[in-house]
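Overview (structure and organization)
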Amino acid sequence: MLEQDRIIKINIEEEMKSSYIDYSMSVIVSRALPDVRDGFKPVHRRILYGMMELGNTSDKPYKKSARIVGEVLGKYHPHGDSSVYYAMVRMAQEWAMRYPLVDGQGNFGSVDGDSPAAMRYTEARLNKLGEAMMDDLYKETVDFEPNFDNTLTEPKVMPTRIPNLLVNGASGIAVGMATNMPPHNLSEVIDACEAYIDNQEITVEELMTYVKAPDFPTGGYIYGISGVREGYLTGRGRVVMRAKAEIETGQTHDKIVVTEIPYNVNKAELIKYIADLVNDKRIEGISNANDESDRDGMRIVIDVKRDANASVVLNKLYKMTALQTSFGVNNVALVHGRPKTLNLRDMIKYFVEHRHEVVIRRTQFDLRKAKERAHILEGLIIASDNIDEVIRIIRAAKTPNDAIAGLIERFNLTEIQSRAIVEMRLRQLTGLMQDQLHAEYEEIMKQIAYLESILADDEVCRKVMKDELLEVKAKYGDERRSEIVYSSEEFNPEDFYADDQMIITISHMGYIKRTPLTEFRAQNRGGVGSKGTETRDADFVEHIYPATMHNTMMFFTQKGKCYWLKVYEIPEGTKNSKGRAIQNLLNIDSDDSVTAYLRVKSLDDTEYINSHYVLFCTKKGVIKKTLLEQYSRPRQNGVNAITIREDDSVIEVRMTNGNNEIIIANRNGRAIRFHEAAVRVMGRTATGVRGITLDNDGQDEVIGMICIKDLETESVMVVSEQGYGKRSEIEDYRKTNRGGKGVKTMNITEKTGKLVTIKSVTDENDLMIINKSGITIRLKVADVRIMGRATQGVRLINLEKRNDQIGSVCKVMTESLEDEVPAEEAEGTIVSDLTTDQDVDNADTATDVNENNNEIEE
C-alpha cells in the first residue's frame, strides 16, 4: 500500500467538533455528574466498591489509604491518585459530608482548610453507612460492567438503601453544565420517600412538609425559606446560610461568640477577613477576634468595644463577611445516563424507583436460591426416609456416578438431588438431623411463598421498601443540625438602627461623617459660635446635609458611576472630627473620584422616585435627565449612571422636580438658561443631549451647572481665574432652548482670566476660594454686590503671585450658622429643613431603560 493511501484526509472542523463532543459527554456521564439513583460519581462508587472487595469493612482493622488508592487505581479508576485520595478523604470529613461514608484515621484535614496528610500516613475503612450503600450488592440487584481493561467487573450503580443524592448532596463542574446540591437530613428524606411510596401523585409542596430545608453538617441557620422553596420546585434556588452566634455580656465589654458557621466556609480565612476589615476600618466596634475552638467544638470569640452596640456589629458582620453566605442550588444529575435538572419530587421519585427495582431483583435472586435449596432438601428428605436402601445402592455402586445414576433410577430424583445425597455426611443420618431437614424445608417453603407474594403483590413490595427505609432511619437517622429561621426572608439592617436625625458633612478633600443633630446646639442671635470640624490643612466642610439614619446618600463619580450608602453606613464622628475618606467606603476605581452628592429620603417611596429627576452635566456640555426611579435599586459595586465619552467627565449632578430652571456656564464667560423641560427623560445608561455649544478653541469646557429653585432669593455668582467675581440677577439671563451658545455672563479679559465656577447663592452663603498654590480665603457672598450680567466684576481675592490662579470655589454655609441647628436649604451646601424632602438622592437600577438615547443630539 502506498504511503499516501494510508492518509485519510478529514475536515479539521468536523474532527474538533466530534472529538470535543466525545470528551464533553465523557466528562458529563463518567466523571462530573452524580447518578440520580445512588448519588455517586464514578470515583466515589469505585472507591467504596474497591474497599468492599478489599474486605476493608467497619469490623476489620484500618488499611493504609495508599493501599486503598492503589486498589482503586489499578482495578477500576485509571486517573490520578490525588483524585481518588481526595475523593476518599472528603467522604470521611464530618464537616464536608452530612453522613460520612468512610471512617478515617489520621490527619484528614480540618474546617480551617488544612490539607490532609499524604496517603502513606493515613488509614481508612468503610463505616456502617458506607457498607449500607452496598447491601445486597452480590444478589444480582444491579448490573455490572467491565472495568477499563476488561479483566474485572464493577457495578454500574450501588443498590443503596440510603437516598444518598439528597442526604449528602453533590457538586461538580462538567462541560456546559454544573451541579451543586445541598445535603439533607436522613430522617426527613426517608419520611418523604415513604410519603411518595404511599402516594405517587404527591406534590412538591406536600413533600416539603417532610423535607423542610437542607441540613448542613456545619449547622448554622437557614435564613428565609423562599430560596429553598424555589430550589425544591424548580431545581434551582438560593439557600441563605447564617452562622450561629450569641452575644455574651461581660463586665467590661460584650462578646460575640460564633459556635457554628455556614457550610463550605473556611474558618481560618473567615477570622482573617474579619481582622482585615477591622484593620482597614471598614467595620467599627471590634477590638479583637480569636479562635478558641477545641475538641469540644467550634468557638470564635469577637470582642466588641465598650461603646459599640454588639447587635449592630453582629449584623454588620453578617452583611460583610461569610458569617452569612448563600448556597446556590443547581440540582443536575444523570437520569438514565442523561443530565437533567430535578426538583424535589423528581429526586425522590427516581430513588424510590431504583429501590423498587433493587427489591424486585433481590427477591428474584433469593427466590431462585430458595427454590434450589428446597429442591435439594426434597431429595435429602427422600433419602432419609429410605436410608437403608440408599446406603445399599451407594455401597453396591463401583463409582460415585454409578451411585448417582442408581439413585435417580430408584427414587426418580434429579441429578442435583442425587449428587447431594451421595455427598451427604454420615452425621445427617441421625434422628436429630432428620428433624432439622424437615424444619428447614418447611421454613424454605414459607420463604418461597413470601418472596412470591412480593413479586405478585405490589402492596407487599411497597411495604418491604418502607420497612427497610424505616430500619435505615432507626439505625442512622439523627436530629437536624441547621436551624430554619422563617421569620424574615431577608436581613434588614434598618431594624437595628433608630431613625435618628443626623447631619452629614463632607469636606472639600472628600472626608465624610455623620453627626447626631443633638450635637449641634441652637445658639441665640449674636452668639460667638463654637469650634467647628477639625479638618486637614487646606480642607474645610463643603457639603452639609440633614438626614435620618434610614435615608440614602448617593455618590456620583467623574466617570459617570453611581454608588449608594445608607446614612447608618456612614461612619459616625463628633462635630469636631474630620471623618473618613469616601474612597475607603465605596468600591471606586483608583483613577476615579466622587464629584457630586445627593440625599434621598427613601428609595422605596414609589410616588417620590417617579416624580423626581437626576440631572447630569458634563465637562463637554452634555446634559442628561433621568427619573430617580432608575437609581432606586442599589448595588454594592455601583452602576453606570451615565455613559461618558473618553475625553469627558461628570462635573455636576442635581436633583430636580421637573419644574426647575437650569443655567450652564463655560470657561469663556458665557451662560445659557433654559427650563429643564427642554431635556427629555432618558434611561440610566444614556449619554445625554447637548446642553450648551462650546467654542471650537479646543480649551473651552463647562465649568458648572446650577439649578434654580427660588427666583426671588437666589442670584448667580461667577468667579474667574484671576480672582474676579460678581453676582447677577437670574432674570438677566434670558430663557432660550438648550444647545445654544448662551449669553455673556462675565466680560472675560486677560485681567480676569477664564471662568472657574458658577454658583447659585443667597446673602446667607459664604464662598470658600482655594488657590492653586494652596491658599484658602473665605468671604461673605453678601459683601459682593449684584451688578450687570456683562460686567467684569470686582476683585474677590488679591493674587500677589503672578503665576497663582484660583483653583476652585465652593459655596458653604455662613460661619455663624455652622454650629446652629440648620433650617434653611441652599441646594447641596446649606442644610435643608429636616421636615422637607427637597434634597434627594439618586438610586440605582438593575435594568437599562433608554435604548435610543446613547448618542448626543445635535
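By the naming in an unreviewed UniProt entry, the protein chain goes by DNA gyrase subunit A and is assigned to Bacteroides thetaiotaomicron dnLKV9. UniProt lists a comment for the protein chain under the heading Catalytic activity (unreviewed entry), and it reads "ATP-dependent breakage, passage and rejoining of double-stranded DNA."

**With respect to the confidence of the model for the protein chain**
Overall, the predicted model of the protein chain reaches an average pLDDT of 86, with 90% of residues at or above 70. Mean pLDDT values over the elements of the protein chain span from 76, in strand 41 (residues 806-813), up to 97, in strand 3 (residues 123-126). A low-confidence stretch, residues 522-532 (pLDDT under 50), is modelled with 14 contacts involving residues beyond four sequence positions or located in other chains. Confidence over residues 816-858 falls short of pLDDT 50; this stretch has 160 contacts with residues more than four positions distant or in other chains.

**A few points about the layout of surface pockets**
Empty space within the second largest pocket amounts to approximately 1,100 Å³. Elements represented by at least two residues in the lining of the second largest pocket include exactly strand 20 (541-548), strand 24 (594-600), strand 28 (650-656), strand 33 (702-708), strand 37 (755-761) and strand 41. Among the elements that take part in the lining of the second largest pocket, strand 41 stands out by supplying six residues, more than any other. When its residues are assigned to classes, the lining of the second largest pocket shows 17 nonpolar, 17 polar and 11 charged.

**A look at the environment of Thr-430**
On the secondary structure map, Thr-430 appears in the loop between helix 15 (415-422) and helix 16 (431-456). As a C-alpha pair, Thr-430 and Ser-384 span 46 residues in sequence and 9.2 Å in three-dimensional space.

**Considerations on helix 17 (residues 458-476)**
Taking 1.5 Å of rise per residue, the 19 residues of helix 17 would be expected to cover 27 Å, and the 27 Å separating its terminal C-alpha atoms lies within 8% of that figure. Listed in full, the buried residues belonging to helix 17 are Cys-461, Val-464, Met-465, Glu-468, Leu-469, Val-472 and Tyr-476. Here the buried residues of helix 17 occupy an arc of 125° about the axis, which is enough to place them on one side. Exposed residues on helix 17 whose side chains face more than 90 degrees from its buried face are Lys-463 and Ala-474.

**A look at helix 13 (residues 387-396)**
Among the residues of helix 13, those classed as buried are Ile-387, Val-390 and Ile-393. Along helix 13, the residues classed as buried sweep out an arc of 125° about the axis, all on the same side. In helix 13, the exposed positions that point more than 90 degrees away from the buried face belong to Asp-388, Arg-395 and Ala-396. Contacts from the buried residues of helix 13 go to helix 12 (344-385), helix 14 (400-411) and helix 15.

**Considerations on the packing of helix 14 against helix 15**
Running from N to C, helix 14 and helix 15 point in directions that differ by 125°, and their axes come no closer than 9 Å. Regarding the angle of helix 14 to helix 15, the classification is oblique. Between helix 14 and helix 15 lies a crossing whose hand is right-handed. Across from Asn-401, Ala-403, Ile-404, Leu-407 and Ile-408 in helix 14, the residues of helix 15 making contact are Glu-415, Ser-418, Arg-419, Ile-421 and Val-422. Of the residues contributing to the contact of helix 14 with helix 15, the split by class is six nonpolar, two polar and two charged.

**Quick notes on the sheet that holds strand 3**
Taking strand neighbours across the sheet as the criterion, the three strands line up as 1-3-2 in an open arrangement whose pairing is antiparallel. Of all strands in the sheet, those bounded by a partner on one side alone are strand 1 (63-64) and strand 2 (102-105). One ladder, built from two bridges, connects strand 1 with strand 3; its direction is antiparallel. By the bridge assignment for strand 3, Lys-64 is matched with Glu-123. Against the sheet, helix 2 (residues 42-53) touches strand 2 and strand 3, its axis set at about 90° to strand 3.

**Some thoughts on the side chain of Asn-330**
Mapped onto the elements, Asn-330 comes out in strand 14 (residues 324-330). With relative accessibility at 14%, the residue Asn-330 sits in the buried group.

**Overview of the pattern of salt bridges**
Applying the stated rule across the entire model yields 55 salt bridges. Note that Arg-161 and Asp-136 form a salt bridge whose closest N and O atoms lie 3.6 Å from each other. Of the two residues, Arg-161 is situated in the loop between strand 5 (153-155) and helix 6 (164-168) and Asp-136 in the loop between helix 5 (128-132) and strand 4 (144-146); the sequence distance between them amounts to 25 residues. On the basis of relative accessible area, Arg-161 is assigned to the buried category, the value being 13%. Taking relative accessible area as the criterion, Asp-136 reaches 15% and is therefore assigned buried. One salt bridge connects Glu-471 with Lys-475, and the closest N-O pair in it is separated by 4.0 Å. Remark: Lys-475 and Glu-471 occur in helix 17; sequence separation between them is four residues, near one turn of the helix. For Lys-475, a relative accessible area of 53% translates into the label exposed. Residues participating in the shared-partner salt-bridge network are Asp-135, Asp-136, Arg-161, Arg-355, Arg-362, Glu-468, Glu-471 and Lys-475.

**Re the sheet that holds strand 12 (residues 286-291)**
For sheets, the rule is that strands pair by backbone hydrogen bonds, running either parallel or antiparallel. Taken together, four strands build an open sheet; the order of strands is 10-11-13-12 and the sheet is antiparallel. Among the strands making up the open sheet, the edge pair consists of strand 10 (244-249) and strand 12. For this sheet, the mean angle separating the axes of adjacent strands, direction not counted, is 20°. Sitting on the sheet, helix 10 (residues 267-279) touches strand 12 and strand 13 (300-304), and the angle it makes with strand 12 is about 165°.

**Some details on a nonpolar patch on the surface**
A cluster of nonpolar residues, Ile-21, Met-25 and Val-29, forms a patch on the protein surface that exposes about 230 Å² of accessible area. Here Ile-21 is to be found in helix 1 (residues 12-32). Judged by relative accessible area, Ile-21 falls into the partly exposed class, the value being 46%.

Thresholds applied
- Residues numbered from 1 in each chain as written.
- Predicted model: local features only at pLDDT ≥ 70, side-chain atom pairs only at ≥ 80, totals over all residues.
- Heavy atoms only, no water.
- UniProt positions renumbered as here; feature names shortened; annotations may be inferred.
- pLDDT = per-residue confidence, 0-100.
- Helix = DSSP H or I, 4+ residues; strand = E, 2+ residues; numbered from the N terminus.
- Contact = heavy atoms within 4.5 Å.
- 1 Å grid on protein atoms, 1.4 Å probe; cavity = no way out; pocket = protein on both sides within 12 Å on 5 of 7 lines; lining within 4 Å.
- Points joined across faces, edges and corners; volume = space filled by probe spheres on them.
- Nonpolar A, V, L, I, M, F, W, Y, C, P; charged D, E, K, R; others polar.
- Expected span 1.5 Å × (residues − 1).
- Buried < 20%, exposed > 50% of the residue type's maximum accessible area, 1.4 Å probe, protein only.
- Arc of directions from axis to C-beta.
- Axes fitted to C-alpha atoms, helices over the stretch in contact; angles between N-to-C directions.
- Parallel < 35°, antiparallel > 145°, perpendicular 65-115°, else oblique.
- Left-handed = near helix turned anticlockwise from the far one by under 90°.
- Pairing = 2+ DSSP bridges.
- Salt bridge = Lys/Arg side-chain N within 4 Å of Asp/Glu carboxyl O.
- Patch = residues over 30% accessible without salt bridge, like charges linked within 9 Å, V, L, I, M, F, W, Y side chains within 5 Å.
- Areas by Shrake-Rupley, 256 points an atom, 1.4 Å probe, with all protein chains shown as cover.

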